[in-house]
Amino acid sequence: MRPDQIQPEMYETQLQEKQAKLAELMASLSLPAMEVFASQPSHYRMRAEFRIWHDGDDLYYAMFDSADPRTPIRTDQFLAASSLINELMPKLLDAVRDIPVLRYKLFQVDFLTTTTGEALISLLYHKPIDDEWNAAVQELNDAFPACHFIGRSRKKKQIITRDFVMETLTVNGQKFHYQQVENSFTQPNAGISEKMLEWALDVTKNASGDLLEMYCGNGNFSIPLARRFDRVVATEISKVSVNSAQLNIAINGMHNVQVVKMASEDVSSALNGDVELPKSLVQAGVSELTPSVVLVDPPRSGLDDATVELIRKIDFILYISCNPETLKANLEALSSTHEVVRYAMFDQFPYTHHVETGVYLQRKVSA
């Protein structure tokens, strides 16, 4: 995304265009009225990555247009990024500019911020990180008390204080706390993330029994939804995300959630009876689980056939999608057994073609 594409005065127009495109894509399906959740028109992204461009004695943040990837676009401020990122951008460059060991071969800076004022700053280099760099960045860290610094160079990761921030999301007036680790998946738009969680709680307000969740990440949905259900068994393939989920479950005081490190395809094979139940699923108590709802939040590729077959056995399906095209294909496959009763668009990524979609399906009476 180019900086000049972020035009808050045009936000409503782009939102309507995005809504129309989604409606056109889904027109062949029998869907209820679309619920639309708008983003803040600016300062909505809690993370951002910038290249560092060196020009003689000067250096500045740069972004690139995919149509002209060789020409840097100077980016002194970035309206999409959080207010904290915009505040830190010039301060960081001012601090680094006159320190050769921090400036030399610096080619990228990544920011991860929270709604509560924390920031994680990753400095990426085309050179080895040594003791001199460690000493210099420690002084830098002391000068930015609300920030945590990481150095990266040729597969080496140097953590100065810690490699995560603690985010707090407010959902229906209740606060939930999440560890967010550098380079792990988190929802970039905190305001929309809160709206998605409120919507998920609303569509499942009459649910009871147990919840099966696949692709749980750091427990973003698992933790607020746990209060709806007797038990939650959630699965996730990323070790970093599983560790964060387990920590987040503990700090939010949830005692009815079990997280298992396992790929969705393997979970589906086991629960479909194609293979013997792995020990980790047995220990999580999946044999005694009677899910009334299954929650899936897959990658852009959508659900594989085995997972579609698994979830069609469950009465209610909560599907969060980052790719409407694969969502449509999965909904067509599920249409013989389920019907969509709630349908929402979340503008997670304003000024881009990307859209997040939520659907809630229930089993057809005749199925």
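Residues numbered from 1 in each chain as written. Predicted model: local features only at pLDDT ≥ 70, side-chain atom pairs only at ≥ 80, totals over all residues. Heavy atoms only, no water.

Under an unreviewed UniProt entry, the name given to the protein chain is tRNA/tmRNA (uracil-C(5))-methyltransferase, and the source organism is Marinomonas hwangdonensis.

When the parts of a complex come together, some accessible area is lost, and that lost area is often used as the size of the interface. The assigned domain composition of the protein chain is domain 1 (3-41 + 166-363) and domain 2 (47-165). Between domain 1 and domain 2, the C-alpha centre-to-centre distance is 32 Å. Each side of the interface is counted separately: domain 1 has 16 residues, and domain 2 has 22 residues. Summing the contributions of domain 1 and of domain 2, the shared interface buries around 1500 Å²; its carbon and sulfur component is 52%. Three residues stand out in domain 1 for area buried against domain 2, namely P3, M166 and E182, and they jointly supply 42% of the buried area on that side. Counting every contact that joins domain 1 to domain 2 gives two salt bridges. K157 is the partner of E182 in a salt bridge, and the nearest nitrogen-oxygen pair spans 3.3 Å. At the boundary of domain 1 with domain 2, the tally comes to nine residue pairs in polar contact (both at pLDDT 80 or more). For the side of domain 1 that touches domain 2, the elements supplying multiple residues, two or more each, are strand 9 (164-171) and strand 10 (174-181). (Domains from an automatic or database assignment. Contact = heavy atoms within 4.5 Å. Buried area = accessible area lost by both parts, 1.4 Å probe. Salt bridge = Lys/Arg side-chain N within 4 Å of Asp/Glu carboxyl O. Polar contact = N/O pair within 3.5 Å; in protein donor to acceptor, adjacent residues only side chain to side chain. Helix = DSSP H or I, 4+ residues; strand = E, 2+ residues; numbered from the N terminus.)

Within this numbering scheme, the UniProt entry marks C322 and E356 as carrying the feature "active site" (unreviewed entry). Across 35 residues in sequence, these annotated residues keep their C-alpha atoms within 4.6 Å of one another, forming a single compact spot. Mapped onto the elements of the fold, E356 is located in strand 17 (residues 356-363). When its relative accessible area of 4% is taken as the criterion, E356 is described as buried. Those residues within four positions of E356 in sequence are excluded, and the remaining contacts are Q187, M196, D297, I320, S321, C322, A344, M345, F346, Q348 and F349. (UniProt positions renumbered as here; feature names shortened; annotations may be inferred. Buried < 20%, exposed > 50% of the residue type's maximum accessible area, 1.4 Å probe, protein only.)

Our focus in this paragraph is the UniProt feature "binding site: S-adenosyl-L-methionine" (unreviewed entry) in the protein chain. With numbering aligned to this structure, UniProt lists the feature "binding site: S-adenosyl-L-methionine" (unreviewed entry) at Q187, Y215, N220, E236 and D297. Take Q187: it is sitting in the loop between strand 10 and helix 5 (190-203). Not counting residues within four places of it along the chain, the set of residues in contact with Q187 comprises R47, S193, M196, N220, D297, Q348 and E356. Within the secondary structure, E236 sits in strand 12 (residues 231-236). In this view, E236 contacts Y215, C216, G217, S241, V242, V260, K261 and M262; residues no more than four positions away in its chain are not counted. There is a polar contact of 3.0 Å between the side chain of E236 and the backbone nitrogen of S238.

Spatially, the seven strands line up as an open sheet ordered 4-3-2-5-6-7-8, and their pairing is mixed. Two strands lie at the open edges of the sheet, namely strand 4 (68-74) and strand 8 (156-159), each paired on one side alone. Each strand axis lies, on average, 30 degrees off the axis of its neighbour in the sheet, ignoring direction. Bridge count for strand 2 (residues 47-55) against strand 3 (residues 58-65) is five bridges, and the pairing is antiparallel. When the sheet's bridge partners are listed, R51 is paired in strand 3 with A62. With respect to the sheet, helix 4 (residues 131-143) is in contact with strand 6 (119-125), strand 7 (147-153) and strand 8, its orientation differing from that of strand 7 by roughly 155 degrees. (Pairing = 2+ DSSP bridges. Axes fitted to C-alpha atoms, helices over the stretch in contact; angles between N-to-C directions.)

The next subject is the packing of aromatic side chains. Taken as a whole and judged by the stated rule, the model has 12 aromatic pairs. Between F50 and F111, the ring centres sit 6.1 Å apart and the planes meet at 70 degrees, which makes this aromatic pair edge-to-face. In this pair, F50 sits in strand 2 while F111 sits in strand 5 (residues 106-113), placing the two residues 61 residues apart along the sequence. Assessed through its relative accessible area of 2%, F111 is described here as buried. Aromatic ring contacts, followed pair by pair, group F50, Y61, F78 and F111 into a single cluster. (Phe/Tyr/Trp six-rings, centres within 6.5 Å; stacked < 30°, edge-to-face > 60°.)

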